[in-house]
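# Structural description and commentary
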Amino acid sequence: MTVVFARSREAFYAHLEERERRRARRLPGWRTRKHRRALAVMLVVSGSAMVAIAALWRRDLVFTGLWCLGYLVWLVAFVLLRILTGKMSSSFPALLDEREREWRHRVTYVGYQVLVVLMIAAVCYLIAITGRPDAASRGGFMLAALLLLGTSVPTVLLGWTLPDDVTED
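Residues take numbers from 1 onward in each chain, read along the sequence in its written order. This being a predicted model, a pLDDT of at least 70 is required before a residue's local features are given, and a value of 80 or more before pairs of side-chain atoms are given or counted; all residues contribute to the totals for chains, interfaces and linings. Values shown for side chains rest on all heavy atoms present in the structure; no hydrogens or waters enter the calculation.

Moving on: the packing of aromatic side chains. Each pair of aromatic rings taken from Phe, Tyr and Trp, with Trp reduced to its six-membered ring, is defined by centres within 6.5 Å and is described as stacked if the planes are under 30 degrees apart, edge-to-face if over 60, and tilted in the remaining cases. Counted by the stated rule, this structure contains 5 aromatic pairs. Relative to Trp74, the ring of Tyr71 has its centre 6.1 Å away and its plane inclined at 20°; by these criteria the two rings are stacked. Of this pair, Tyr71 and Trp74 both sit in helix α3 (residues 61–84), separated by 3 residues, roughly a single helical turn. When a residue's accessible area, from a 1.4 Å probe over protein chains only, is under 20% of the maximum for its type it is buried; when over 50% it is exposed; and in between it is partly exposed. Taking the relative accessible area as the measure of exposure, Tyr71 reaches 29% and is therefore partly exposed. Consider the rings of Trp74 and Phe78, whose centres lie 4.8 Å apart with planes at 10°: the pair is stacked. Here the residue Trp74 and the residue Phe78 both occupy positions in helix α3, the gap between them amounting to 4 residues, near one helical turn. Here the aromatic cluster, defined as three or more aromatic residues joined through ring pairs, consists of Trp57, Trp67, Tyr71, Trp74, Phe78 and Phe141. Here the basic side chain of Arg37 rests over the ring of Trp160, its NZ or CZ set 4.4 Å away from the ring centre. Helix and strand definitions here come from DSSP, where helices need a minimum of 4 consecutive H or I residues and strands a minimum of 2 consecutive E residues; each element is numbered from the N-terminal end. Two limits define a charge over a ring: the Lys NZ or Arg CZ must be within 6 Å of the ring centre, and within 35 degrees of the ring normal.

Right, dumping it as structure tokens:
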């Protein structure tokens, strides 16, 4: 039984490696620190805008539309940055070399700490708006914004700090 499981696991890893090799050829002109940093800034700005909109939110289609627009900008930047960083922050450890595993370990540790602080801020925000009639809606938008912002920290750190790709790799 373990032999079958080991073979299927190896086949799964081989499939993931092949998929990652195809992804690595995407956006070759964007694989510079300048482009990754621009996307990292876009991620932080759109996440912060979602937090600000959630803090000011009213039962209004404009606020909901602005928040959703911020989410779409965040999503595009996040997907592009994950492609450009080789999904290092969320890939299986077996698919990473030693250097990549070390980078991943560092950024996920920092990302976890930032996420904990943001969730404490979310709890404090929820406690502060408890008596408001629209507390559930405001709290939902704020939790979503802070969670998106916090989970993107490892990808932002990788996008900001990784050196330019070598074209031979």
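Turning our attention to the UniProt feature "transmembrane region" (unreviewed entry) in the protein chain. UniProt positions are given in the numbering used here, feature names are shortened, and annotations may be inferred rather than shown by experiment. Residues annotated in UniProt with the feature "transmembrane region" (unreviewed entry) correspond here to residues 38–57, 63–84, 109–129 and 141–162. Along residues 63–84 one finds 100% helix and 0% strand; the C-alpha atoms at either end are 31 Å apart. Between the end C-alpha atoms of residues 109–129 there is a gap of 31 Å, over a span that is 95% helix and 0% strand.

A cluster of nonpolar side chains, contributed by Met42, Val62, Leu66, Leu69 and Val73, occupies part of the molecular surface with about 400 Å² of accessible area. With 4 residues, the top contributor of residues to the nonpolar patch is α3. Mapping Leu69 onto the fold places it in helix α3. Put simply, a patch holds well-exposed residues, over 30% relative accessible area, that have no salt bridge, with like charges counted together within 9 Å and Val, Leu, Ile, Met, Phe, Trp or Tyr side chains within 5 Å. Note on areas: Shrake-Rupley, 1.4 Å probe, and residue coverage restricted to the protein chains presented here. Any Lys or Arg side-chain nitrogen found within 4 Å of a carboxyl oxygen on Asp or Glu counts as a salt bridge.

Here we take up the nonpolar core. One finds Leu43, Met50, Val51, Trp67, Trp74, Met142 and Leu146 to be the most contacted residues of the largest nonpolar core, which totals 27 residues. Put simply, the parts of the chain that give this core at least two residues each are α2 (33–56), α3, α4 (98–128) and α5 (135–151). In this description, a nonpolar core means a group of buried Ala, Val, Leu, Ile, Met, Phe, Trp, Tyr and Cys residues linked to one another through side-chain atoms lying within 4.5 Å. By size, the runner-up hydrophobic cluster in this structure holds 5 residues, among which are Met88, Leu96, Val107 and Leu162.

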